[in-house]
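Fold and contact review
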Amino acid sequence: MKRCRITALFLALLLTLAACGGKTMPDSSGSTSSPGDASQGEVQGPTAVPFTLAVYPEFTLHPALAANRANLTLAPLLYEGLFAVDRAFQAQPVLCQSYTVSEDKLSWTFTLRSGAAFSDGTPLTGQAVADALNLARSPQGRFRQRLADVTAVTASEENPNQVAVALSRPNGSLPLLLDIPIALGEGERPLGTGPYVLSGEGDSLSLTARAGWWQDKALPAQAIPLHAVHKSDELIYAFDAGEVSLVDVDLMATNAMGYGGNYQAWDYPSTGFLYLGFNTQEGPCRAPEVRRTLALAVDRESIASAVYANHARASLLPVHPDSPLYSQASAGAAPAYAPEQLAAQLQELRLGDKALTLVVNNENMSKAAAAQRIAYQLEAVGLAVNLVQMSFEDYTAALANGAFDLYLAETALTADFDLAPLLGSAGALNYGRWWAEGADGLLWAMQAAAPEEKAAAAENLFALLNEQAPIVPIAFKNGSVLTQWGQVSGLSPVRGNVFYQMENWSVS
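Let me sum up the structure you'll find in this document. (Residues numbered from 1 in each chain as written. Predicted model: local features only at pLDDT ≥ 70, side-chain atom pairs only at ≥ 80, totals over all residues. Heavy atoms only, no water.)

**Brief notes about the packing of aromatic side chains**
Within the structure shown, the criterion is met by 17 aromatic pairs. Seen in terms of ring centroids, Phe-273 and Tyr-275 are 5.3 Å apart; in terms of plane orientation they differ by 15°. Their pairing is stacked. Per residue, the accessibility class of Phe-273 equals that of Tyr-275, and both read buried. Aromatic pair Phe-417 and Phe-476: ring centres 6.0 Å apart, planes at 90°, arrangement edge-to-face. (Phe/Tyr/Trp six-rings, centres within 6.5 Å; stacked < 30°, edge-to-face > 60°. Buried < 20%, exposed > 50% of the residue type's maximum accessible area, 1.4 Å probe, protein only.)

And the structure:
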């Protein structure tokens, strides 16, 4: 947790430094001062500002259909999933009591926790969960890509407290994908099993702690007012003015909003993966030894700390360093930043007279700045680099057409770190068209492995990736929770749930 101030001017300067708030710090109660009334002959005391969250009332709050970030931030207060994914990317059971899985990892059966119910008293059943997951994977559902390997979700005919999931591709870590909020029905404000209920109409909405919540954990606030906003600049103003207590943001996103005032930033690990890719079919990067050499130009630590203002975590492997899949031995064998070694190896490869084309989307300043750093490092050892910064439309067209030698990209991996879409021979994100003998089998084995076997399967894959260097892992981005200074403590946010372990919070 750190105290920060990030403004639009700061982002315009490519986020090279982490700045601090310069306004007067509010007192520990999180209150703001109001002017005295001279007609009464006395100064009024500070007006208490309750813990308040933002809502866009004209947009849906359905957790499987919503796209609005502020409304999705509210989802964990109203809804729960079969599992939660913690900061170490481990699945923790919530609505699921237990599960069984077939030997081929294609058929899963989940038994629901007894006593859980929706806020109107409707029991949680296998049919309700099946309906919610089927909506989540439907064409309009926001989890359709995550659940692309799911062929069927059905309620058990024998046990109303069970739900079965069938897969087209084996997955030994399916629970990591099932932190999907379970809602009752398809309405814009459906019921959930979470600790709060939504009440009110129009712009006058609030959350109230529900009686009979099955977890029966302490909550830091019995009532949470919701501040209605209708466009992004209203949300910025409301937070800067202290009218909204908390926002969940990606400070490094394209067109990231700039927040001011005195606030605290609580970062959490995400699966947003930044990497350098190669054209492995045409040009000088066809050869693995060339790709391994060029990887020596990537200064991950400076990109994470300076360009991403410490809102990213450098990584030598395509899995998050906090994941149990991250192998220190494999990371130690990966090509790391080494400018002197880079210069020596380039002389041996005789690449000095070859110009390289590096493409990047110019709509994200952080990625453009990271690409510029890599280009500078390559130019410093004598390589000619044509850095082409493109609109997103032109950039995706260049990737699809193979019109590059190198490209800088970002993708959101799933919590089970399935790398097949990125590196598989048929992967939709394999823009470099990399293929190596045995690679698809290793990707398959890693995905199919049971949790206790997955780390070993990952090491086998990493050994091939270190040898072939189809991509250069750079960093995993952080998400950030911003709170009014001194108003909230004890946060331990995770991806998709900034209220994780909310029972440990203290709200002043």
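Back to the text.
**Brief notes about the sheet that holds strand S2 (residues 53-55)**
With respect to topology, four strands assemble into an open sheet ordered S2-S11-S10-S9, the strand pairing being mixed. The outermost strands of the open sheet, each flanked by one partner alone, are S2 and strand S9 (196-201). Across the sheet, the mean angle from the axis of one strand to that of its neighbour is 30°, orientation sign disregarded. As judged from the three bridges shared by S2 and strand S11 (residues 223-228), these two strands associate in the parallel manner. Across the sheet, Val-55 pairs through a bridge with Ala-228, a residue of S11. Against the sheet, helix H2 (residues 69-78) touches S2, S9, strand S10 (204-209) and S11, its axis set at about 115° to S2. (Pairing = 2+ DSSP bridges. Helix = DSSP H or I, 4+ residues; strand = E, 2+ residues; numbered from the N terminus. Axes fitted to C-alpha atoms, helices over the stretch in contact; angles between N-to-C directions. Contact = heavy atoms within 4.5 Å.)

**Section: the pairing of strand S18 (residues 471-484)**
Where burial is concerned, most of S18 is hidden: 14 out of the 14 residues are buried. Here four bridges tie strand S12 (residues 246-249) to S18, and the two strands are oriented antiparallel to one another. The residue bridging Leu-246 from the neighbouring strand is Thr-483, located in S18. Relative to S18, strand S13 (residues 259-278) runs antiparallel, the two being bridged by 12 bridges. Paired with Gly-277 across the two strands is Ile-471, which belongs to S18. Pairing of strand S14 (residues 312-314) with S18, which is carried by three bridges, proceeds in the antiparallel orientation. Bridging from a neighbouring strand, Ala-312 pairs with Lys-477 of S18.

**Side note on the nonpolar core**
Tyr-259, Leu-276, Leu-294, Ile-303, Leu-408 and Ile-474 are the most contacted members of the largest nonpolar core, which totals 53 residues. Beyond its immediate sequence surroundings of up to four residues, Leu-294 is in contact with Phe-278, Cys-285, Leu-342, Leu-346, Leu-356, Leu-378, Leu-383 and Leu-406. Counting 38 residues, the second largest nonpolar core, distinct from the first, contains Ala-449, Ala-457, Ala-458 and Leu-464. (Core = buried A, V, L, I, M, F, W, Y, C linked by side-chain atoms within 4.5 Å.)

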